[in-house]
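Examining the three-dimensional arrangement
Listed below are the residues making up each chain.
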Amino acid sequence: MSQAAAQSPQQTPKMQLLEAILMHVPFDGWSQAAFNAAIRDTELAPGLAKSTCPRGAVDLAVAFHQMGDASMVKSLRSASLADMKIREKVTFAVRTRLEAITDKEAVRRATTLFALPHLAADGAKLLWGTSNLIWDTIGDTSDDLNWYTKRATLSGVYGATVLFWLGDDAPDHQATWDFLDRRIENVMQIEKAKAQVREAPGLSKLLAGPNWLASKIKAPTKFRAPDLPGGFGGL
């Protein structure tokens, strides 16, 4: 029996495959070749492996991202956030998410994978999911248009920060944290500008109709972040 299979008898087949494929991703990417190697390493029946991950390595790349999300949520729930301002909470959460990554090369390869046209929607969904978890975990209670704009904006911030982080080889990643601070500051400036527009007498009347329409938009409850059993999204 292989070492991977011997060490993880209590794990689900997906988690066994995920642990095994990470040894091959630096060389083969999140590819069919890497997935086949993971099957050999775990000695799982090929039929079971394929039924567990119908899309092969793509499903494992998704699981790897979700595992990082679960680790972030666990850390955030145990952190002292009460005295932080919103921008500090968001900055801390994004940094916590990046620090939850256990394999930088796996993320680099996943970024390439989800940049493919037929998988771009999957990549966008993962970014949105991370942003939604951050907002929910730090206590966001918005249920109108702001629910969407907060998550869309943070998705852009997080995605850009990940790309910068991938090119930051410094041990402490200080350049990445500085980059993150600048992106958050840009967002805050936009929010200040929006507030000034709302307070301007002439513009507030002009935007009365659009603002009323926006107030009728409600957040979809189906996107609310679920609890993540076992700390790994149920994997």
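Predicted, not measured: the structure shown is a model, and the values here were computed from it. (Residues numbered from 1 in each chain as written. Predicted model: local features only at pLDDT ≥ 70, side-chain atom pairs only at ≥ 80, totals over all residues. Heavy atoms only, no water.)

1. Digging into the overall build of the protein
In terms of helices and strands, the protein carries 13 helices and 0 strands. In the protein, the succession of helices and strands from N to C terminus is α-α-α-α-α-α-α-α-α-α-α-α-α. Split into buried and exposed, the 235 residues of the protein put 39% on the buried side. Relative to all contacts within the protein whose residues are 6 or more apart in sequence, the contacts with residues 24 or more apart total 69%. (Helix = DSSP H or I, 4+ residues; strand = E, 2+ residues; numbered from the N terminus. Buried < 20%, exposed > 50% of the residue type's maximum accessible area, 1.4 Å probe, protein only. Contact = heavy atoms within 4.5 Å.)

2. Things to note about the packing of helix H7 (residues 86–99) against helix H10 (residues 145–166)
Viewed as axis vectors pointing N to C, H7 and H10 meet at an angle of 45°, and their least axial separation amounts to 11 Å. Between H7 and H10, the angle falls in the class oblique. Of the two elements, H7 crosses H10, and the hand of that crossing is right-handed. Together, Val 90, Val 94, Arg 97 and Leu 98 of H7 and Leu 154, Tyr 158, Thr 161, Val 162 and Trp 165 of H10 make up the contact between the two elements. (Axes fitted to C-alpha atoms, helices over the stretch in contact; angles between N-to-C directions. Parallel < 35°, antiparallel > 145°, perpendicular 65-115°, else oblique. Left-handed = near helix turned anticlockwise from the far one by under 90°.)

3. Some remarks on the environment of Arg 109
Mapped onto the elements, Arg 109 comes out in helix H8 (residues 104–113). Considered as a pair, Arg 109 and Pro 26 are 83 residues apart in the sequence and their alpha carbons are 7.5 Å apart. Once residues within four sequence positions are removed from consideration, Arg 109 is found in contact with Val 25, Pro 26, Phe 27, Asp 28, Gly 29 and Trp 30.

4. Describing the nonpolar core
If you look at the biggest cluster of nonpolar residues, it comprises 52 residues, and the most contacted ones within it are Leu 17, Leu 18, Ile 21, Trp 30, Phe 35 and Phe 114. Where this core is concerned, the elements lending two or more residues are helix H2 (13–21), helix H4 (32–42), helix H6 (57–78), H7, H8, helix H9 (120–137), H10 and helix H11 (174–199). (Core = buried A, V, L, I, M, F, W, Y, C linked by side-chain atoms within 4.5 Å.)

5. Considerations on the side chain of Gln 16
Tracing the chain through its elements places Gln 16 in helix H2. A residue is classified by how much of its surface remains accessible, and Gln 16, at 11% relative accessible area, is buried. Reaching out from Gln 16, the side chain makes a polar contact with the backbone oxygen of Gln 11 at a distance of 3.1 Å. (Polar contact = N/O pair within 3.5 Å; in protein donor to acceptor, adjacent residues only side chain to side chain.)

6. Re unusual backbone geometry
Look at Glu 43: it is not a glycine, yet its phi comes out positive at around 60°. Structurally, Glu 43 can be placed in the loop between H4 and helix H5 (46–52). Overall, Glu 43 belongs to the partly exposed group, its relative accessible area being 48%.

7. Examining the confidence of the model for the protein
Of the residues in the protein, 76% have a pLDDT of 70 or more, and the chain-wide mean is 84. When pLDDT is averaged over each element of the protein, H4 comes out on top at 98 and helix H1 (residues 3–7) at the bottom at 44. A low-confidence stretch, residues 206–214 (pLDDT under 50), is modelled with 3 contacts involving residues beyond four sequence positions or located in other chains. Taken as a whole, residues 222–235 scores under 50 in pLDDT and shows 29 contacts with residues more than four places along the chain or in a different chain. (pLDDT = per-residue confidence, 0-100.)

8. So, H8
Where H8 is concerned, the buried positions are Ala 106, Val 107, Ala 110 and Leu 113. End-on, the buried residues of H8 take up no more than an arc of 115°, which puts them together on one face. Of the surrounding secondary structure, the elements contacted by the buried residues of H8 are helix H3 (25–28), H6 and H10. In this structure Asp 103 caps H8, since a side-chain oxygen of it lies 3.1 Å from the backbone nitrogen of Glu 105. (Arc of directions from axis to C-beta.)

9. Re the pattern of salt bridges
The full count for this structure, using the stated rule, is 10 salt bridges. Measuring nitrogen to oxygen at the nearest pair gives 3.1 Å for the salt bridge that ties Arg 55 to Asp 59. Using a relative accessible area of 40% as the deciding quantity, one classes Arg 55 as partly exposed. For Arg 87, the salt bridge is made with Glu 185, and the minimal N-O distance between the two is 2.8 Å. Of this pair, Arg 87 sits in helix H7 while Glu 185 sits in helix H11, and the two are 98 residues apart along the sequence. (Salt bridge = Lys/Arg side-chain N within 4 Å of Asp/Glu carboxyl O.)

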